[in-house]
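A look at the structure
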Amino acid sequence: MPGTYDVIVVGVGGMGSAACYQLAKRGVRVLGLEKFEIGHAMGSSHGLTRILRLAYFQGEAYVPLVQRARELWLETGRITGEPLFYEVGALDIGHQGSGVVEDGLAASEKHGLAHELLDRRTIEERYPAFTLDASHIGLYQPQSGFVASERAILAHVTLALYHGAEIHGCEPMLDWEPTANGGVKVTSDRGVYEAGRLILSPGAWIGDFAPGLKASTEVVRQTLGWFSPVRPTLFDMARFPVFTLEASEGHFYGFPLWQHPGFKLGSPHFSGEPYDPHLPDRQPSVQQRDLLRACLAKHIPAADGDLLGLKACMYTMTPDEHFIIDTLPGFEQVIVASPCSGHGYKFASAIGEALAELAIAGHSRFDLGMFSLRRFA
Ligand SMILES: Cc1cc2nc3c(=O)[nH]c(=O)nc-3n(C[C@H](O)[C@H](O)[C@H](O)COP(=O)(O)OP(=O)(O)OC[C@H]3O[C@@H](n4cnc5c(N)ncnc54)[C@H](O)[C@@H]3O)c2cc1C
């Protein structure tokens with residue numbers, strides 16, 4: 001006799017852990033299945049931190065969702081007693097007229113978000129770590145910052161368990177099938193389970209279980225670097241924000257020092273290296289490492305010290321770089337939520353809430369229209 005639940009969540013990473021918590025909190029009988037250990041470094045959510053920006057230059061329809069996410073990160077951090085969101089401010093630096101600053105500015109003005117437009121000289125005076133191009137300008141958002149992404153997964157799972165969820169680590173789902181009563185049967189390497197609803201949040205592995213989505217998603221490797229800061233005080237959390245930087249070598253992002261001695265730098269434009277999530281290891285890319293070094297040498301020399309560490313992580317990209325949060329065509333009982341195109345973590349707390357609402361009521365308070373699968377039809 002299979003174990004029976006209201007909802008099974010497959011993939012207890014960034015999105016799945018939040019969904020488990022939000023479902024369990026609402027009294028739903030939930031089972032979370034995770035292929036690796038909880039909080040592993042094989043998916044898309046490791047590397048300690050993720051940027052949360054309120055004025056979203058990827059599309060201002062994201063703003064209400066990120067505002068709710070920020071509230072939830074603060075609330076969940078208060079409940080667990082360990083902050084999950086750090087309001088260190090965010091600075092988007094771009095070339096005049098390129099859209100990076102202008103789009104964020106438009107979103108700030110439309111949604112009444114606190115912001116400051118900075119010229120190059122002001123940025124360099126305020127943050128002496130940067131050496132910028134003459135055409136650089138910046139948008140500073142004081143209420144933005146970063147989410148402690150690894151810690152947040154553990155916090156969501158802790159709270160989900162507290163509310164009665166069952167979470168199985170190191171138990172991959174092998175297959176799922178619809179049942180005659182409109183539910184689902186899920187087979188793992190350890191058992192068979194049934195539920196009324198299935199939430200598929202397996203990140204980069206989504207193509208294994210929703211074959212139709214394989215064609216609409218591409219998994220790419222992203223290398224993160226930690227570098228010994230030459231002048232560590234310039235990167236102190238009290239005076240240095242998270243940032244994105246448009247440079248001639250690409251688009252980069254970085255963080256103040258937090259829980260690691262190194263200055264963390266990455267680039268969201270490393271999209272050219274397809275990656276197979278089934279590979280057993282996560283080798284960082286040498287080319288990507290060299291691009292990070294080039295950015296440091298030119299624009300952030302105060303962090304251009306010895307390499308302390310590299311990690312490879314995966315983006316699951318959609319063609320328009322927007323998310324997929326929708327029911328699976330032909331299977332109303334199956335909700336897909338994962339391919340977050342390299343910018344989804346900040347939303348995970350609110351996406352978890354939206355998934356719980358979708359699973360329970362069939363609709364969410366958020367307008368999820370732009371994440372619909374129908375846009376690829
Ligand atoms: C280097 C890097 C930097 C990023 N920076 C930012 C940022 O600054 N801000 C931001 O908002 N976003 C950022 N992102 C994007 C963000 O981290 C991702 O969108 C988010 O982590 C995706 O979460 P997820 O739950 O879809 O995937 P994951 O957290 O990877 O979770 C998917 C889970 O499903 C599990 N799974 C897979 N198959 C199975 C199976 N068969 N059975 C059971 N479990 C299974 C996996 O093991 C995994 O734990 C970044 C991503 C990367 C890689």
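Analysis parameters
As a convention, each chain's residues are numbered from 1 in the sequence order in which they are written. Local features in a predicted model are, by the rule used here, given only for residues with pLDDT of at least 70; side-chain atom pairs are given and counted only at 80 or more, and totals for whole chains, interfaces and linings are based on all residues. Excluded from the side-chain calculation are hydrogens and water; included are all heavy atoms of the structure. Where each domain starts and ends follows an automatic or database-derived domain assignment. Should any heavy atoms of two residues lie within 4.5 Å, those residues are counted as being in contact. Computed with a 1.4 Å rolling probe, the buried area is the accessible surface lost when two parts are put together, summed over both parts. Salt bridges, as used here, are contacts in which a Lys or Arg side-chain nitrogen is within 4 Å of a carboxyl oxygen on Asp or Glu. In the analysis that follows, any N or O atom pair within 3.5 Å is treated as a polar contact, provided that within protein one partner can donate a hydrogen and the other can accept it, and provided that, for residues neighboring in sequence, both atoms belong to side chains. Note that Gly is not counted as nonpolar here; it falls among the polar residues with everything else outside the nonpolar set of Ala, Val, Leu, Ile, Met, Phe, Trp, Tyr, Cys and Pro and the charged set of Asp, Glu, Lys and Arg. When DSSP finds two or more bridges between a pair of strands, those strands are recorded as paired. Secondary structure follows DSSP: runs of H or I at least 4 residues long count as helices, runs of E at least 2 residues long count as strands, and numbering of each begins at the N terminus. Working convention: axes come from line fits to C-alpha atoms, limited for helices to the stretch in contact. Angles between N-to-C directions cover 0 to 180 degrees. With a 1 Å grid laid over protein atoms only, a set of points is called a cavity when a 1.4 Å probe fits there but cannot get out and a pocket when it is open yet has protein on both sides within 12 Å along at least five of seven lines; lining residues have an atom within 4 Å of a point. Grid points are joined across faces, edges and corners, and a volume is the space filled by probe spheres set on the points.

1. Quick word on the domain arrangement of the protein chain
Looking at the assigned domains, one finds that the protein chain contains domain 1 (3-45 + 150-208 + 321-376) and domain 2 (90-142 + 218-317). Facing the 16 residues of domain 1 at the interface are 13 residues of domain 2. Carbon and sulfur atoms make up 56% of the surface buried where domain 1 meets domain 2, a total of about 1,200 Å² over both sides. For the pair domain 1 and domain 2, the interface holds zero salt bridges. Counting across the domain 1 and domain 2 interface gives six residue pairs in polar contact (both at pLDDT 80 or more). In terms of residue class, the side of domain 1 that touches domain 2 is built from seven nonpolar, six polar and three charged.

2. Digging into the sheet that holds strand S4 (residues 85-86)
Working definition: the strands of a sheet are paired by backbone hydrogen bonds and lie parallel or antiparallel to each other. The strand order across the open sheet built from three strands is S3-S8-S4, with neighbouring strands paired in antiparallel fashion. The outermost strands of the open sheet, each flanked by one partner alone, are strand S3 (49-52) and S4. As paired elements, S3 and strand S8 (residues 145-148) share four bridges and run antiparallel to each other. Its bridge partner lying in S8, Arg50 is registered against Val147. Sheet contacts for helix H5 (residues 149-162): S3, S4 and S8; angle to S8, the most-contacted strand, approximately 50°.

3. So, the layout of surface pockets
What the second largest pocket holds in volume is close to 200 Å³. Around the second largest pocket, the lining residues are Arg197, Ile325, Asp326, Thr327, Glu332, Gln333, Ile335, Leu358, Gly362 and Leu368. Grouping the constituent residues of the lining of the second largest pocket by class yields four nonpolar, three polar and three charged.

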